[in-house]
Amino acid sequence: MVKRYDSTKINELVYAIYKAYGFSEEQSHQAADMLIYTDLHGIESHGVQRLVMYDNFIQNGKIRVQSAPEIVKETDVSAVVDAHFGLGQLNGIYSMDIAIQKAKEHGIGIVTTRNSGHYGIAGYYANMAAEQGLMGMSSCNSRPAMLPTHATKALVGTNPIAFAMPAKPHTFIFDVATTTVPQGKIEVYRKLEKDLPALWVAKDGETPVYDHNDTEDFDLLRDPDANVGLAPLGGVTEDTGSHKGFGLGVIVEVFTSILSMGNVSNEITPTDLSVGPCQSFVAIDPSIFGDKDAIFEKFSNYLQDIRSLPAVPGKTIYVAGDKEALAYENNIKNGIEIDDRTLEEIEAIAARLNVKYEAFV
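Residues numbered from 1 in each chain as written. Predicted model: local features only at pLDDT ≥ 70, side-chain atom pairs only at ≥ 80, totals over all residues. Heavy atoms only, no water.

**Notes on the packing of aromatic side chains**
Reasoning step 1: In total, this model carries eleven aromatic pairs according to the counting rule given.
Reasoning step 2: Here the aromatic rings of Tyr18 and Tyr21 are separated by 5.4 Å at their centres, their planes lie at 70 degrees, and the arrangement is edge-to-face. Of the two residues, Tyr18 and Tyr21 are both situated in helix α1 (residues 7-21); the distance of three residues between them amounts to about one turn of the helix. Just as Tyr18 is buried, Tyr21 falls in that class too.
Reasoning step 3: Aromatic pair Phe163 and Phe172: ring centres 6.2 Å apart, planes at 65 degrees, arrangement edge-to-face.
Reasoning step 4: In this structure an aromatic cluster arises from ring pairing among Tyr37, Tyr119, Tyr124, Tyr125 and Phe281. (Phe/Tyr/Trp six-rings, centres within 6.5 Å; stacked < 30°, edge-to-face > 60°. Helix = DSSP H or I, 4+ residues; strand = E, 2+ residues; numbered from the N terminus. Buried < 20%, exposed > 50% of the residue type's maximum accessible area, 1.4 Å probe, protein only.)

Printed below as a string of structure tokens:
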């Protein structure tokens, strides 16, 4: 069952949990704010649902509480960051802050970060730039999950990419995995005991998996030797465009692991403590192309033209960021949605860390 909970109180609970791990006050606030931001915008797969995964990584040393990111190479417009396996959200905020500062000083900033951790939704970091009046991009690689076109084993990660740009009435934020669906959404459907509605998971390169009860196939997503994986954007055949999602996933790999000389997707495992995902962060000041306000106004008008197109009966035309803005308004007013199983996971983490869970829910 899914219930709604006050986002402010859940934020305070998550903050208390991260403080109990040993993170500083500022770090704990950053981590909590990022996760609650995600749930507030209706992206339950990457919000507090992910706490149990981060908890496992902190316990086994995959995430190292005392680590701090470090710039290891830098120019006026670029930097390479070694995150030293710290919490992914903290690494992401640190890295995008660098990109934003460089963009403000030189028009563009691009940072690529290695030895990081799962950093949540890529759109959060792209939006950091948009909130500063810039265009932002971010991407991340991950352990193998995607089946390359015609392959029977996963090798490429879900490798999300996000873009954000200021617009009216709200920021345009496009944030997608390069697989048909992120792995976190599979986890949500499994918790809710819902069958998969489309070709998200395939066995042996092409056989769809729909049944949530087929737990073996879900678990095989964590086995690098299994003949199962997520379909790229476009499905599993070239006729439907599988090669497009696959190609985008490889491009993300270039901007994350290849440029940073970090670990590529097929080198990353949940248990190997010597490897970690890589990320990229880009900020661009539109002023290097012309009048910033005029550029944003032109973009806003273009988006409105799209929204105003004739729609299929019973449907609404949305552009990226519209649904998230509606979800935010609803969730701020009525509370964020958390399923019972996730709540049980959070309660167990809080109990182990001596955090008084009952005070927050």
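**A closer look at the sheet that holds strand β10 (residues 228-230)**
Reasoning step 1: In space, the three strands of this open sheet follow the order β9-β8-β10, with antiparallel pairing throughout. Pairing within the sheet leaves two strands with one partner each, and these edge strands are β9 (207-209) and β10. Looking at each pair of strands side by side, their axes are set apart by 35 degrees on average, direction ignored.
Reasoning step 2: Pairing between strand β8 (residues 201-203) and β9: three bridges, direction antiparallel. Paired with Lys203 across the two strands is Thr207, which belongs to β9. (Pairing = 2+ DSSP bridges. Axes fitted to C-alpha atoms, helices over the stretch in contact; angles between N-to-C directions.)

**A look at a nonpolar patch on the surface**
Reasoning step 1: On the surface, a nonpolar cluster with roughly 620 Å² of combined accessible area is contributed by Leu233, Leu248, Val250, Ile251, Val254, Phe255, Ile258 and Leu259.
Reasoning step 2: Secondary-structure assignment places Ile251 in helix α8 (residues 242-260).
Reasoning step 3: Looking at Ile251, the relative accessible area reads 46%, which means it is partly exposed. (Patch = residues over 30% accessible without salt bridge, like charges linked within 9 Å, V, L, I, M, F, W, Y side chains within 5 Å. Areas by Shrake-Rupley, 256 points an atom, 1.4 Å probe, with all protein chains shown as cover. Salt bridge = Lys/Arg side-chain N within 4 Å of Asp/Glu carboxyl O.)

**Quick notes on helix α2 (residues 25-40)**
Reasoning step 1: With 16 residues, α2 should reach 22 Å at 1.5 Å per residue; the first-to-last C-alpha distance of 22 Å fits that figure.
Reasoning step 2: Within α2 the residues assigned to the buried category are Ser28, Ala31, Ala32, Met34, Leu35, Ile36, Tyr37, Thr38, Asp39 and Leu40.
Reasoning step 3: After α2 finishes, the residue Gly42 shows a positive phi value of roughly 80 degrees. (Expected span 1.5 Å × (residues − 1).)

**Focus on the pattern of salt bridges**
Reasoning step 1: Using the criterion set out here, one finds nine salt bridges in the structure.
Reasoning step 2: In this structure, Glu345 and Lys191 form a salt bridge, with 3.0 Å as the shortest nitrogen-oxygen distance. Pair noted here: Glu345 is in helix α11 (residues 340-352) and Lys191 is in helix α6 (residues 183-191), with a separation of 154 residues, a long-range link. Considered together, Glu345 and Lys191 belong to a single accessibility category, that of buried residues.

**Some points on the pairing of strand β11 (residues 279-284)**
Reasoning step 1: With six of its six residues buried, β11 lies for the most part within the structure.
Reasoning step 2: Because side chains alternate across β11, one face comprises the buried residues Gln279, Phe281 and Ala283, and the other comprises Ser280, Val282 and Ile284, equally buried.
Reasoning step 3: Bridge count for strand β4 (residues 108-114) against β11 is six bridges, and the pairing is antiparallel. Along β11, the bridge assignment pairs Thr113 with Gln279.
Reasoning step 4: Taken together, the six bridges between strand β5 (residues 135-140) and β11 define a ladder with antiparallel strand orientation. Across the sheet, residue Gly136 finds its bridge partner in β11, namely Ala283.

**Describing unusual backbone geometry**
Reasoning step 1: With an omega of 5 degrees, the peptide bond between Lys168 and Pro169 qualifies as cis.
Reasoning step 2: Tracing the backbone shows Pro169 in the loop between β6 (161-165) and β7 (172-176).
Reasoning step 3: The phi dihedral of Asn115 is positive, around 55 degrees, even though this residue is not glycine.
Reasoning step 4: Tracing the sequence through the fold places Asn115 in the loop between β4 and α5 (122-130).
Reasoning step 5: In this model, Asn354 sits at a positive phi of 60 degrees, which is unusual for a non-glycine residue.

Interpretation in functional terms is not warranted from these geometric data alone.
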